[in-house]
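# Architecture and fold: a report
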Amino acid sequence: KQEVTQIPAALSVPEGENLVLNCSFTDSAIYNLQWFRQDPGKGLTSLLLIQSSQREQTSGRLNASLDKSSGRSTLYIAASQPGDSATYLCAVGQGTYKYIFGTGTRLKVLA
Amino acid sequence: DGGITQSPKYLFRKEGQNVTLSCEQNLNHDAMYWYRQDPGQGLRLIYYSQIVNDFQKGDIAEGYSVSREKKESFPLTVTSAQKNPTAFYLCASSPTGVGLMSEQYFGPGTRLTVT
């Protein structure tokens, strides 16, 4: 059974710092991996989608990498800003329209 | 603007009552999903639908029911049989064709409180 883990559960950094969020999964037979942002009390906003054949995707200050063999994905945020404060979730596309979500990393960027 | 709408944003019900949560999308997506989010837990799949008039149970379907009579609508009913219905409910859709998995898009969510 696929398990998705995100460590740490919470993270506080000063503004301007580059940071890395981690997502680990136990079954490497995935279709894709998607990173989301969730603000308190809101829905999920898609940040990046990496297909299983890809190694990384970039959007602005965000870069997501995927290493299927080791069961890991990282989300790199460059030059963090207070507006980046949110919970970041990863989801593994497992096939048959099934996505398995991690519990998220709650990020706070201090001004 | 294209997107997914969920209504209402907040819903309060008495124990023993059925309640229906609305989800509408104008993205022309084939697949739609319902998830439940509880504090400290990842999203858990309740039901999903690949096409109109077809839907499948997810991991926690007990106490819930859905319908998919139109491509753009996927309402979720929380029945009195659901033992712990208080949660944040999220609807999603994806432009998935047969054999493919693509990006999921989410609505703003409905927070249901049952007392």
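Everything that follows concerns the structure shown earlier in this document.
Further remarks concern the sheet that holds strand β8 (residues 72-77) of chain A. Residue and element names in this part refer to chain A. Strands sit in the order β1-β3-β8-β7-β6 across an open sheet of 5 strands; the sheet is antiparallel. Edge positions in the sheet fall to β1 (4-5) and β6 (56-59), since each has one partner strand and no second. Bridge count between β1 and strand β3 (residues 19-25): 2 bridges; the pairing is antiparallel. Pairing of Thr5 across the sheet is with Ser24, part of β3.

Along the chain, Glu72 of chain B falls in the loop between β7 (64-66) and β8 (76-78). Considering only alpha carbons, one finds Glu72 of chain B and Ile51 of chain B, 21 residues apart in sequence, at a separation of 10 Å.

Looking now at the layout of surface pockets. Of the volumes computed, that of the largest pocket is approximately 560 Å³. What lines the largest pocket is a set of 28 residues, among which Gln38 and Thr87 of chain A together with Gln37, Pro39 and Gly40 of chain B lie closest to the centre. Looking at the lining of the largest pocket, the elements that each hand over two or more residues are β9 (86-95) and β11 (105-110) of chain A together with β9 (87-94) of chain B. Here the lining of the largest pocket takes 4 residues from β11 of chain A, the largest share from any one element. Of the residues belonging to the lining of the largest pocket, the class tally is 9 nonpolar, 13 polar and 6 charged. Considering the residues around the second largest pocket, the lining is formed by 15 residues, among which Lys1 and Ile100 of chain A together with Leu43, Arg44 and Asp59 of chain B are closest to the centre.

All names here are of chain B. With respect to the secondary-structure elements, Ala61 resides in the loop between β6 (56-57) and β7. Residue classification places Ala61 among the buried residues on the basis of a relative accessible area of 9%. Once the C-alpha coordinates of Ala61 and Ile46 are considered, the two residues, 15 residues apart in sequence, prove to be 4.8 Å apart. Those residues in contact with Ala61, other than ones at most four positions away along the chain, are Ile46 and Tyr47.

To continue, consider the pairing of strand β5 (residues 44-51) of chain A. Residue and element names in this part refer to chain A. Note: strand β4 (residues 32-38) against β5, 7 bridges, orientation antiparallel. Bridging from a neighbouring strand, Gln34 pairs with Leu49 of β5. Here β4 folds back onto β5 in antiparallel fashion, the turn holding 5 residues, of which Gly41 has a positive phi close to 75 degrees.

Residues and elements named next belong to chain A. Scanning the model with the defined rule gives 2 disulfides over all chains in all. Shown here is the disulfide that connects Cys23 with Cys90, its sulfur atoms set 2.0 Å apart. Disulfide Cys23-Cys90: the torsion about the S-S bond is 75 degrees, which places it as right-handed. Here Cys23 is found in strand β3, whereas its partner Cys90 is found in strand β9, with 67 residues between them in sequence. With relative accessibility at 0%, the residue Cys90 sits in the buried group.

With that out of the way, let us pick up the nonpolar core. All names here are of chain A. The biggest cluster of nonpolar side chains holds 24 residues, and the ones touching the most others in it are Leu33, Trp35, Leu75, Ile77 and Tyr88. Every element with two or more residues in this core is listed here: β3, β4, β5, β7 (62-67), β8, β9 and β11. Filtering out sequence-adjacent residues up to four positions away, Leu75 remains in contact with Leu19, Val20, Leu21, Trp35, Leu47, Leu48, Leu62, Asn63, Ala64 and Tyr88.

Bringing the packing of aromatic side chains into the picture now. Using the criterion set out here, one finds 10 aromatic pairs over all chains in the structure. Where Tyr99 of chain A meets Tyr33 of chain B, the ring centres are 5.8 Å apart and the plane angle is 80 degrees; that geometry is what we call edge-to-face. Of the two residues, Tyr99 of chain A is situated in strand β10 (residues 98-101) and Tyr33 of chain B in strand β4 (residues 31-37); the pairing between them involves two chains. With 6.0 Å between their ring centres and 80 degrees between their planes, Tyr47 of chain B and Phe55 of chain B make a pair best called edge-to-face. According to the relative accessible area criterion, Tyr47 of chain B is buried, its value standing at 7%. Members of the aromatic cluster, joined through ring pairs, are Phe36, Tyr99 and Phe101 of chain A together with Tyr33, Tyr35, Tyr48 and Phe106 of chain B. The ring of Phe74 of chain B has Arg68 of chain B lying over it, and the distance from NZ or CZ to the ring centre is 6.0 Å.

Moving on: the side chain of Ser94 of chain B. Position of Ser94 of chain B among the secondary structure elements: in strand β9. A distance of 2.9 Å separates the side chain of Ser94 of chain B from the side chain of Tyr33 of chain B, its partner in a polar contact. Those residues within four positions of Ser94 of chain B in sequence are excluded, and the remaining contacts are Tyr99 of chain A together with His29, Asp30, Ala31, Tyr33, Ser102, Glu103 and Gln104 of chain B.

Basis of the calculations
Residues numbered from 1 in each chain as written. Chains lettered and ligands numbered in written order. Predicted model: local features only at pLDDT ≥ 70, side-chain atom pairs only at ≥ 80, totals over all residues. Heavy atoms only, no water. Pairing = 2+ DSSP bridges. Helix = DSSP H or I, 4+ residues; strand = E, 2+ residues; numbered from the N terminus. 1 Å grid on protein atoms, 1.4 Å probe; cavity = no way out; pocket = protein on both sides within 12 Å on 5 of 7 lines; lining within 4 Å. Points joined across faces, edges and corners; volume = space filled by probe spheres on them. Nonpolar A, V, L, I, M, F, W, Y, C, P; charged D, E, K, R; others polar. Buried < 20%, exposed > 50% of the residue type's maximum accessible area, 1.4 Å probe, protein only. Contact = heavy atoms within 4.5 Å. Disulfide = S-S within 2.5 Å. Core = buried A, V, L, I, M, F, W, Y, C linked by side-chain atoms within 4.5 Å. Phe/Tyr/Trp six-rings, centres within 6.5 Å; stacked < 30°, edge-to-face > 60°. Lys NZ or Arg CZ within 6 Å of the ring centre and 35° of its normal. Polar contact = N/O pair within 3.5 Å; in protein donor to acceptor, adjacent residues only side chain to side chain.

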